[in-house]
Amino acid sequence: MINDENEQFNPREAKDPAAAKSKTAKRREARKMATQALYQWQLAGHSLNEIEAQFRVDNDFSDVDGAYFRELLHGVPSNKTEIDKALAPCVDLTLDEMDPVELAVLRLSTFELLKRVDVPYRVVINEGIELAKIYGATDGHKFVNGVLDKLAPRLRAPEVKAHKR
């Protein structure tokens, strides 16, 4: 499994692998919660602040990168048009026809590909697949993997090319 220890270099983490793992685990938990919150936003249409407040009250955030959760939760809706335009050519369905869980995962992953270039594209793909395995339909992770495999070269061409060399 790819982790996001390489997202940004931090000298403390280089000396302390536990700190890097902690960051990775906290980011992973932030993505999990953000997926659930985005799913709720898509279906119920509640305000983002209301959803965020509910999640912070109902969940233990001690093992969550709270700032990253907030960035994902607010960043995806703020960039929804750009995200959906990027996704559309990579799926055979309309976004309305997609499973809402897989759509939430793909929007979150697309946001990271577009706006968080410090997160390696392979990490984004891996994390999207893992989220789909946890929350999606039986083979939803295969769909998510296929879409992200098409999307990454479109949004991160230099990084994908460099990796394939």
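First things first, this report covers the structure right here in the doc. Because the structure is a prediction, the values reported are computed rather than measured.

Let's talk about the packing of helix α7 (residues 121-135) against helix α8 (residues 140-155)
Contact geometry for α7 and α8: axes closest at 8 Å, N-to-C directions at 160 degrees. Judged by the inter-axis angle, α7 sits roughly antiparallel to α8. Where α7 crosses over α8, the two elements pack in a sense that is right-handed. Facing α7, whose interface residues are Y121, V124, I125, G128, I129, A132 and K133, α8 presents G140, H141, V144, N145, L148, D149 and A152. Tallied by class, the residues present in the contact of α7 with α8 amount to eight nonpolar, four polar and two charged.

Regarding the nonpolar core
Ranked by size, the top nonpolar core spans 44 residues in total, and within it L38, F69, L73, L87, L106, L148 and L151 carry the most contacts. Those elements that place two or more of their residues in this core are α2 (17-44), α3 (48-58), α4 (66-78), α5 (80-87), α6 (100-115), α7 and α8. Residues in contact with L73, not counting those within four places in the same chain, are A37, L38, L48, I51 and E52.

Considerations on α5
Among the residues of α5, I83, D84, A86 and L87 are the ones counted as buried. Down the axis of α5, the buried side of the element spans an arc of 160 degrees, and every buried residue falls inside it. In α5, the exposed positions that point more than 90 degrees away from the buried face belong to T81 and K85.

Overview of α4
Helix length check: α4, at 13 residues, gives a terminal C-alpha distance of 18 Å against a target of 18 Å (1.5 Å per residue), a fit within 8%. Looking only at α4, the buried set comprises G66, Y68, F69, L72, L73, H74, G75, V76 and P77.

Quick word on the environment of K150
The topology assignment puts K150 in helix α8. For K150, a relative accessible area of 45% gives the class partly exposed. As a C-alpha pair, K150 and L87 span 63 residues in sequence and 9.3 Å in three-dimensional space.

Describing the packing of aromatic side chains
Applying the stated rule across the entire model yields two aromatic pairs. Between F55 and F69, the aromatic rings sit 6.0 Å apart at their centres with planes inclined by 35 degrees, giving tilted as the arrangement. Of this pair, F55 sits in helix α3 while F69 sits in helix α4; the two residues are 14 residues apart in sequence, bridging distant segments of the chain. Neither F55 nor F69 differs from the other in exposure class; each is buried. On the numbers, 5.3 Å between centres and 75 degrees between planes, the contact of F61 with F69 is edge-to-face. Of the two residues, F61 and F69, neither departs from the other in class, the shared state being buried. The ring of Y68 is capped by R27, whose NZ or CZ atom sits 4.0 Å from the centre of that ring. A cation sits over an aromatic face here: R56 above F61, 4.7 Å from the ring centre.

Reading the values: the criteria
- Residues numbered from 1 in each chain as written.
- Predicted model: local features only at pLDDT ≥ 70, side-chain atom pairs only at ≥ 80, totals over all residues.
- Heavy atoms only, no water.
- Axes fitted to C-alpha atoms, helices over the stretch in contact; angles between N-to-C directions.
- Helix = DSSP H or I, 4+ residues; strand = E, 2+ residues; numbered from the N terminus.
- Parallel < 35°, antiparallel > 145°, perpendicular 65-115°, else oblique.
- Left-handed = near helix turned anticlockwise from the far one by under 90°.
- Contact = heavy atoms within 4.5 Å.
- Nonpolar A, V, L, I, M, F, W, Y, C, P; charged D, E, K, R; others polar.
- Core = buried A, V, L, I, M, F, W, Y, C linked by side-chain atoms within 4.5 Å.
- Buried < 20%, exposed > 50% of the residue type's maximum accessible area, 1.4 Å probe, protein only.
- Arc of directions from axis to C-beta.
- Expected span 1.5 Å × (residues − 1).
- Phe/Tyr/Trp six-rings, centres within 6.5 Å; stacked < 30°, edge-to-face > 60°.
- Lys NZ or Arg CZ within 6 Å of the ring centre and 35° of its normal.

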